[in-house]
Amino acid sequence: MKNRSLISINDYSKEEQLKILDLAEGFEKNPRQNILNNKVIATLFFEPSTRTRLSFESAISQLGGKIIGFTDAASSSVSKGETLMDTIKTVANYSDLIVMRHPLDGSSRWASEVADVPIINAGDGANQHPTQCLLDMYSIRKTQGSLDNIHIAFVGDLKYGRTVHSLVIALSQFNTTFHLVSPDELKLPSAVKKYIKDAGLNYHQYTDMNEVMDKVDILYMTRIQKERFADPIEYEKVKNSYILKNEMMENTKENMRVLHPLPRVNEIEEAVDQNPKAYYFQQALNGVYVREALLASTLGLI
Amino acid sequence: MENKRTELKVSALENGSVIDHIPATSLFQAIRILKLDELDNQVYFGTNLRSDKFGSKGIIKIRDKYFKKEEINKIALVAPTATIIEIKDYEVVKKGKVDTPKVVENFVKCFNPKCITNHQHVPTKFTVINDGGALKLRCRYCEKTTTQATMEFK
């Protein structure tokens, strides 16, 4: 994986994905190592994303690397009309690796073709966010002991959530059973379901999340955004149907854990945070270890 | 009484190419894809012609012009049934079908308005997917699939 860009989760084979998870375990045990000493990492955020940026910058800092970059396009040369190609070529001269987030789909792939340093995609529009996918996989493996034979429920907006799409595709490599819970308007697109079918796996669709609570090992919650609905009345009808409350979790499996890519709005009640089955903040922390593993392996340091 | 002509008379080509069996609905797209409107050569075309095999077809004749295989294969996206005939000294010297290309570079637009290729000077690149006979194009950049219904040519 040395010197290779990571744009889409499919850029890594199953074995390479698992290798990153293994390396991340090592960083969880020993998160502060001075292995990026003398390395300069650029974090180019053409659109703001506090959580992802801070997670990357924490990973870089904990490994002793130096950070250059910008946190939104307004404070960069982009506001003067510079093309993405020119920005990337220039920054590639100044750094050993570029982490980038950009509002347009496909921007990171294009950047990886023009840069002579590796690019790690931290989100390109609605397209891909592979480090989120890897940290989700890490969190599932860590809480369940294995990625094989998991029953997972995805709840909420399954139509537009790129996080859900990438994770469904990745988990289709591991004999997963999928429980898809969403309003009719926000069902998983058939192009994504095709990955499940092509892998010979099964999925079940529901509109009521109570139907899946006692079946699953992982409950993956997402937020439903009002602007996704053509008809605001439809949003009002469903907005309270996909909120996780403690009492709904009484008959869930002992090993069940709740994941959420964050930020949360109201889809998980705050009281659930105290429930030992809530795992979403630990999940965010796992992102730092996974990103440490990616940075170190892409730079050929481990 | 003068005999009325019942057929449009198009002179036979001495040298050049004939593209036949183009679905009538795709004729103008094929002309655009091959950029025939930019040629100085004589170009003849006919459309909505009766065809026993295809119902309604279009045909194009281009004088003194031969196409490279990869050039002519571009029209497979809109005219997979097309045949290409090369003529030299009024004789057919070569006849073949178009082949579906594996990749399509820089003559189709990505249908996704948020794709980087629609915002900056990025040449488009697609992998051709054959979905039960229907050709679809998967964008190398945004990874979205452009179908025949959403296909626009640059």
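Please refer to the structure placed before this passage.
Rules of the game
Residues numbered from 1 in each chain as written. Chains lettered and ligands numbered in written order. Predicted model: local features only at pLDDT ≥ 70, side-chain atom pairs only at ≥ 80, totals over all residues. Heavy atoms only, no water. Helix = DSSP H or I, 4+ residues; strand = E, 2+ residues; numbered from the N terminus. Rg over C-alpha atoms; globule rule 2.2 N^0.38 Å. Buried < 20%, exposed > 50% of the residue type's maximum accessible area, 1.4 Å probe, protein only. Contact = heavy atoms within 4.5 Å. Areas by Shrake-Rupley, 256 points an atom, 1.4 Å probe, with all protein chains shown as cover. Buried area = accessible area lost by both parts, 1.4 Å probe. Salt bridge = Lys/Arg side-chain N within 4 Å of Asp/Glu carboxyl O. Polar contact = N/O pair within 3.5 Å; in protein donor to acceptor, adjacent residues only side chain to side chain. Phe/Tyr/Trp six-rings, centres within 6.5 Å; stacked < 30°, edge-to-face > 60°. Lys NZ or Arg CZ within 6 Å of the ring centre and 35° of its normal. Pairing = 2+ DSSP bridges. Axes fitted to C-alpha atoms, helices over the stretch in contact; angles between N-to-C directions. Parallel < 35°, antiparallel > 145°, perpendicular 65-115°, else oblique. Left-handed = near helix turned anticlockwise from the far one by under 90°. Core = buried A, V, L, I, M, F, W, Y, C linked by side-chain atoms within 4.5 Å. 1 Å grid on protein atoms, 1.4 Å probe; cavity = no way out; pocket = protein on both sides within 12 Å on 5 of 7 lines; lining within 4 Å. Points joined across faces, edges and corners; volume = space filled by probe spheres on them. Nonpolar A, V, L, I, M, F, W, Y, C, P; charged D, E, K, R; others polar. Arc of directions from axis to C-beta.

Novice: Could you clarify how one ought to interpret the overall build of chain A in this entry?
Specialist: The helix and strand inventory of chain A stands at nine helices and nine strands. Computed over C-alpha atoms, the radius of gyration of chain A comes to 19 Å, within 12% of the 19 Å expected from 2.2 N^0.38 for 302 residues, which places it in the range of a compact globule. With the C-alpha coordinates of chain A rotated into their principal frame, the extents come out at 55 × 45 × 40 Å. Counting over 302 residues, chain A shows a buried share of 56%. Taking the contacts inside chain A whose residues are at least 6 apart along the sequence as the reference set, 71% of them involve residues at least 24 apart. Summed over all atoms, the accessible surface of chain A reaches about 12,400 Å², with 46% contributed by carbon and sulfur.

Novice: Looking at this structure, how should I read the interface of chain B and chain A?
Specialist: How large an interface is tends to be reported as the accessible area lost when its parts come together. Across the contact, 16 residues belong to chain B and 18 residues belong to chain A. Interface area for chain B against chain A, summed over the two sides, is near 1,300 Å², with a carbon-plus-sulfur share of 47%. In this structure, the connection of chain B to chain A is made through three salt bridges. Taking the shortest distance from any N to any O, the salt bridge between B:K125 and A:E113 comes out at 3.8 Å.

Novice: Looking at this model, I keep getting lost on the environment of A:S55. Mind explaining?
Specialist: Residues and elements named next belong to chain A. Relative to the assigned elements, S55 resides in helix 2 (residues 50–62). Relative accessible area serves as the criterion here: at 9%, S55 is assigned to the buried category. The spatial distance from the C-alpha of S55 to the C-alpha of K187 is 30 Å, given a sequence separation of 132 residues. Not counting chain neighbours up to four residues away, the residues in contact with S55 comprise G287, V288 and R291.

Novice: Got a minute to help me understand the side chain of A:S182 in this structure?
Specialist: All names here are of chain A. Relative to the helices and strands, S182 is located in the loop between strand 6 (177–181) and helix 7 (190–198). A distance of 3.4 Å separates a polar atom in the side chain of S182 from the backbone oxygen of L186. Once residues lying within four places of it in the same chain are set aside, the contact partners of S182 are G156, L158, K187, Y206, T207 and Y242.

Novice: In this structure, what is going on with the packing of aromatic side chains? I would like to understand it.
Specialist: What describes a pair of aromatic rings is the distance from one ring centre to the other and the angle between the planes of the rings. For the structure on display, the rule yields seven aromatic pairs over all chains. Between A:F154 and A:Y220, the ring centres sit 5.4 Å apart and the planes meet at 45°, which makes this aromatic pair tilted. Within this pair, whereas A:F154 is found in strand 5 (residues 151–155), its partner A:Y220 is found in strand 8 (residues 218–221), the two being separated by 66 residues in sequence. One Lys or Arg, A:K14, reaches over the ring of A:F174 and ends 4.8 Å from the middle of that ring. Note that B:K88 overlies the ring of B:Y66, its terminal NZ or CZ placed 4.9 Å from the centroid.

Novice: Just checking my understanding: could you explain the sheet that holds strand 7 (residues 203–206) of chain A for this structure?
Specialist: All names here are of chain A. Strand order in this open sheet of five strands is 7-6-5-8-9, and the pairing throughout is parallel. For this open sheet the edge positions go to strand 7 and strand 9 (257–259), each flanked by a neighbour on one side alone. Each strand of the sheet is rotated relative to its neighbour by a mean of 20°, with strand direction disregarded. The sheet contact formed by strand 5 and strand 6 spans five bridges and is parallel. Across the sheet, the residue bridging to F154 is L180, located in strand 6.

Novice: What is the right way to look at the packing of helix 1 (residues 14–29) of chain A against helix 5 (residues 130–144) of chain A in this model?
Specialist: The angle between the axes and the distance between the axes are what describe a pair of packed helices. All names here are of chain A. Two numbers describe how helix 1 lies on helix 5: the axes approach to 10 Å, and their chain directions differ by 70°. Between helix 1 and helix 5, the crossing angle belongs to the class labelled roughly perpendicular. When you trace helix 1 past helix 5, the crossing you get is right-handed. In this structure, helix 1 contributes Q17, L18, I20, L21, D22, A24, E25 and E28 to the contact, and helix 5 contributes L134, M137, Y138, R141 and K142.

Novice: What am I meant to see in the nonpolar core here?
Specialist: For soluble globular proteins, nonpolar side chains are generally found buried alongside one another. Core analysis: the biggest nonpolar cluster contains 55 residues, and A:L134, A:M137, A:I140, A:I152, A:F154, A:L167 and A:F178 have the highest contact counts within it. By residue number, the principal contributor to this core is helix 9 (residues 280–298) of chain A, which donates seven residues. Excluding its chain neighbours within four sequence positions, the residues that come into contact with A:L167 are A:C133, A:D136, A:M137, A:I140, A:I152, A:F154 and A:Y220. Listed in part, the 54 residues of the second largest apolar core include A:I98, A:V117, B:V128 and B:C139.

Novice: Mind showing me how you'd approach the environment of B:L77 here?
Specialist: Examined against the element boundaries, B:L77 turns out to sit in the loop between helix 2 (69–72) and strand 4 (83–88). For the pair formed by B:L77 and B:Q29, sequence separation is 48 residues and the distance between their alpha carbons is 9.9 Å.

Novice: Sorry, what's going on with empty space enclosed by the protein here?
Specialist: Where empty space is left in the structure can be found by rolling a water-sized probe over the atoms. Residue and element names in this part refer to chain B. This model, assessed by the stated rule, comprises one cavity of 30 Å³ or more. Empty space within the largest cavity amounts to approximately 30 Å³. Every residue lining the largest cavity is listed: R32, I33, K35, F107, F153 and K154. Split by residue class, the lining of the largest cavity holds three nonpolar, no polar and three charged.

Novice: Would you mind going over helix 6 (residues 162–171) of chain A with me for this structure?
Specialist: Since one α-helical turn is 3.6 residues long, residues separated by three or four positions face the same way. Most of helix 6 of chain A is tucked away, with ten of its ten residues classed as buried. For helix 6 of chain A, the full list of buried residues reads A:R162, A:T163, A:V164, A:H165, A:S166, A:L167, A:V168, A:I169, A:A170 and A:L171.

Novice: Can you help me understand helix 7 of chain A in this one?
Specialist: Residues and elements named next belong to chain A. When helix 7 is considered as a whole, its buried residues turn out to be V192, K193 and I196. Down the axis of helix 7, the buried set is contained in an arc of 100°. They therefore lie on one face. Helix 7 presents S190, A191, K197 and D198 as exposed residues on the side facing more than 90 degrees away from its buried surface. Looking one or two residues beyond helix 7, the residue adopting positive phi is G200, at roughly 75°.

Taken by themselves, the reported measurements are silent on function.
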